[in-house]
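Residue strings, one per chain:
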Amino acid sequence: MSSDLLETRSRAFDTTAWGEKFHFFQPRNVVFWIYLWMCGFGLVKGWQMFAPFAGYFGRALLVAGIVGIISAAVWTWWFRHIDRYERQPVGLVVTGFIWGATAATFTIAVPANGAVGSLYTKIFGQVWAQDWHAGLSAPFVEETAKGIGIVVLLALAPRLVRTATDGLLLGAFIGLGFQTSEDFLYSIAGATQGFGAHQTDGLIGSIATRTYSDIVSHPLFTALFCAGVIYLIGTPAQPRRIGRGLALIVAPILIHGVWDSMLAIAGGSSSLVFVIMIGDIVFAFTALWIAFVWAHPRESHFVRDILAPEIESGVLTDAEVTAAGGWRQQRTYAKAAPTRTERRQRRHIVRAALDLCSDLAVSKGDDSSQVVESRNEITRLRQGTAAQNIAR
């Protein structure tokens, strides 16, 4: 292989830190102790909030917990599915999730939202605060509380949190943790309606409402916000982009604020509420799409640097490496195949190329057993396609 290509690959490994492990226990890092204190305090406060309901509302708590676990599992599967390139270390993902579920929720957001609501009531009155408190408090308090989480992860894993894509994916898991705790809170609120009478009915209604509202919720908000933080701060792998950073920080605050203020903005008109809801959803997913469009070229560049020597050695073609760089490129490459079978085989080869990229990152370019196996898998897939073509 060309020495220039190998040197470029080595620089990509060093810049991205793909394949490196996350070590949570860092006794010499002050942020580690701050993280433990804030998450521990949040865990205690959460327990104090839920413990009084554990007796009479035990059944509701159990159902809410099961639904929360299922919801979190579905979201986790989806986030891991869209983690196209080198996947985030599980320990780092769990660390972010715990921050969102404990520190961001119970240590920061719950008391801060209560304080801001009390202030609004004193200044503007009970009626105004009831209409606008959620939309003019939660977006600022909660997005900041969750956004602090990506700064904490940056301090705990500066080698691993480097690109806007890292911010998007880790932010989504921080938001997922927050959403899980918040869904639990709302489920309990639904179960306690009517002084505990028909608590399961209230719980089912609350769960249904939260499931519908979770379409545009904290994972999406926090993904955008944290990507914006990465752009604002800048890293060795991600040049600073202040305009993009500010846009991605402001967007979720705006989306969140409109979502929580729909009834107040609509003035009681149900049809206008529906229009605002649809508009907010479209804007939210458009913002998320733009964030991925902005982030993917950087990741695609690193994928090409890592896989370029495989083109020279004949393991992959230039078209396959290009397709590995993004969803759009993969679709274009697959659709160009003349038959459905070949389109499917092309998708498998691209997926195998990304697996090879991941294995190369872990081995830092050495021919480990996993790297050799990934190369053999690509060869097997290509030979299988050729054999099918001959058979036809």
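The residue numbering used here restarts from 1 in each chain and proceeds along that chain's sequence as written. Local features in this predicted model are restricted to residues whose pLDDT is 70 or higher, and side-chain atom pairs enter the listing and the counts only when it is 80 or higher, whereas totals over whole chains, interfaces and linings include all residues. In computing side-chain values, all of the structure's heavy atoms are included and hydrogens and water are not.

**A short note on the overall build of the protein chain**
So the rule is basically this: Helix and strand labels come from DSSP, where a helix needs a run of H or I of at least four residues and a strand needs a run of E of at least two; each type is numbered from the N terminus. Three labels apply to residues, based on accessible area from a 1.4 Å probe with only protein chains included: buried if under 20% of the type maximum, exposed if over 50%, partly exposed otherwise in between. Every residue pair with non-hydrogen atoms within 4.5 Å of one another is taken to be in contact.
Of the regular secondary structure elements, the protein chain holds 15 helices and 0 strands. Here the protein chain holds 392 residues, and the buried ones make up 49% of them. Considering only contacts in the protein chain between residues 6 or more positions apart, those separated by 24 or more positions represent 76%.

**Thoughts on helix 5 (residues 126-156)**
Rules: The span one expects for a helix is its residue count, reduced by one, times 1.5 Å. Bending is quantified residue by residue as the angle between axes fitted to the seven-residue window ending at that residue and the seven-residue window starting at it.
Taking 1.5 Å per residue, 31 residues should reach 45 Å; helix 5 reaches 43 Å between its end C-alpha atoms and fits that length. Of all bends in helix 5, the biggest is about 60°, found at Trp 132.

**Some points on the nonpolar core**
Note the threshold: Here the nonpolar core consists of buried residues drawn from Ala, Val, Leu, Ile, Met, Phe, Trp, Tyr and Cys, with membership extended through side-chain atoms lying within 4.5 Å.
With 64 residues, the main nonpolar core has Leu 92, Trp 99, Ile 150, Val 161, Leu 168 and Leu 224 as its most contacted residues. Sequence-distant contacts of Trp 99, that is, excluding residues within four places in its chain, are made with Tyr 35, Met 38, Cys 39, Ala 104, Ile 108, Ala 145, Lys 146, Ile 148, Gly 149, Val 152 and Ile 174. Ala 324, Cys 357, Val 371 and Leu 381 belong to the second-largest nonpolar core, a separate cluster that totals 27 residues.

**Points about the environment of Ser 118**
Position of Ser 118 relative to the elements: it lies in helix 4 (residues 90-124). Sequence separation of Ser 118 and His 133 is 15 residues, and the distance between their C-alpha atoms is 9.2 Å.

**Looking at the packing of helix 5 against helix 8 (residues 218-233)**
For clarity, the cut-off: Orientation is described by lines fitted to C-alpha atoms, with helices fitted over the stretch in contact, and by angles between N-to-C directions that extend from 0 to 180 degrees. To sort the angles, those under 35 degrees are grouped as roughly parallel, those over 145 as roughly antiparallel, those from 65 to 115 as roughly perpendicular, and the leftovers as oblique. Left-handed is the label given to a crossing in which the near helix is rotated counterclockwise from the far helix by less than a right angle, and right-handed is the label when the rotation is clockwise. Residue polarity is assigned by list, with Asp, Glu, Lys and Arg as charged and Ala, Val, Leu, Ile, Met, Phe, Trp, Tyr, Cys and Pro as nonpolar; anything else, Gly included, falls into the polar class.
Where helix 5 meets helix 8, the axes come as close as 9 Å, and the angle between the chain directions of the two elements is 50°. As the angle between them shows, helix 5 and helix 8 are arranged oblique. The crossing of helix 5 and helix 8 is right-handed. Residue-level inspection shows Glu 142, Glu 143, Thr 144, Lys 146, Gly 147, Ile 150, Val 151 and Leu 154 of helix 5 in contact with helix 8, the latter providing His 218, Phe 221, Thr 222, Phe 225, Cys 226, Val 229, Ile 230 and Ile 233. Considering only residue class, the contact of helix 5 with helix 8 consists of 9 nonpolar, 4 polar and 3 charged.

**Some points on the packing of aromatic side chains**
What counts, and what does not: Here a Phe, Tyr or Trp ring, Trp counted by its six-membered ring, pairs with any other such ring whose centre lies within 6.5 Å, and the pair is stacked when the planes are under 30 degrees apart, edge-to-face when over 60, and tilted otherwise. Definition used: whenever NZ (Lys) or CZ (Arg) falls within 6 Å of the ring centre and also within 35 degrees of the ring normal, the charge is taken to sit over that ring.
What the rule picks out here adds up to 11 aromatic pairs. Aromatic side chains Phe 25 and Phe 32 sit 5.6 Å apart centroid to centroid with 90° between the ring planes, which places their arrangement in the edge-to-face category. For Phe 25, a relative accessible area of 60% translates into the label exposed. Ring geometry for Phe 50 and Phe 106: centres 6.1 Å apart, planes at 85°, overall edge-to-face. Taken together, the residues Phe 50 in helix 2 (residues 30-50) and Phe 106 in helix 4 connect sequence positions 56 residues apart. Taken as a pair, Phe 50 and Phe 106 share a single burial class, namely buried. Members of the aromatic cluster, connected to one another through ring pairs, are Phe 24, Phe 25, Phe 32, Trp 33, Tyr 35 and Trp 99. One residue, Lys 146, lies across the ring of Phe 178, its end atom 5.3 Å from the ring centre. Across from the ring centre of Tyr 333, 4.5 Å away, lies the NZ or CZ of Arg 346, which sits over that ring.

**A look at the confidence of the model for the protein chain**
Quick note on the threshold: Think of pLDDT as the predictor's per-residue confidence, scored from 0 to 100.
The predicted model of the protein chain has a mean per-residue pLDDT of 87, with 89% of residues at 70 or higher. Within the protein chain, helix 9 (residues 242-260) carries the highest mean pLDDT (96), whereas helix 7 (residues 199-213) carries the lowest (57).

**Examining the environment of Gly 171**
Examined against the element boundaries, Gly 171 turns out to sit in helix 6 (residues 164-191). Each C-alpha atom of the pair Gly 171 and Leu 224 lies 7.5 Å from the other, and the pair is 53 residues apart in sequence. When neighbours within four sequence positions are excluded, Gly 171 is seen to be in contact with Asp 166, Pro 219, Thr 222, Ala 223 and Cys 226.

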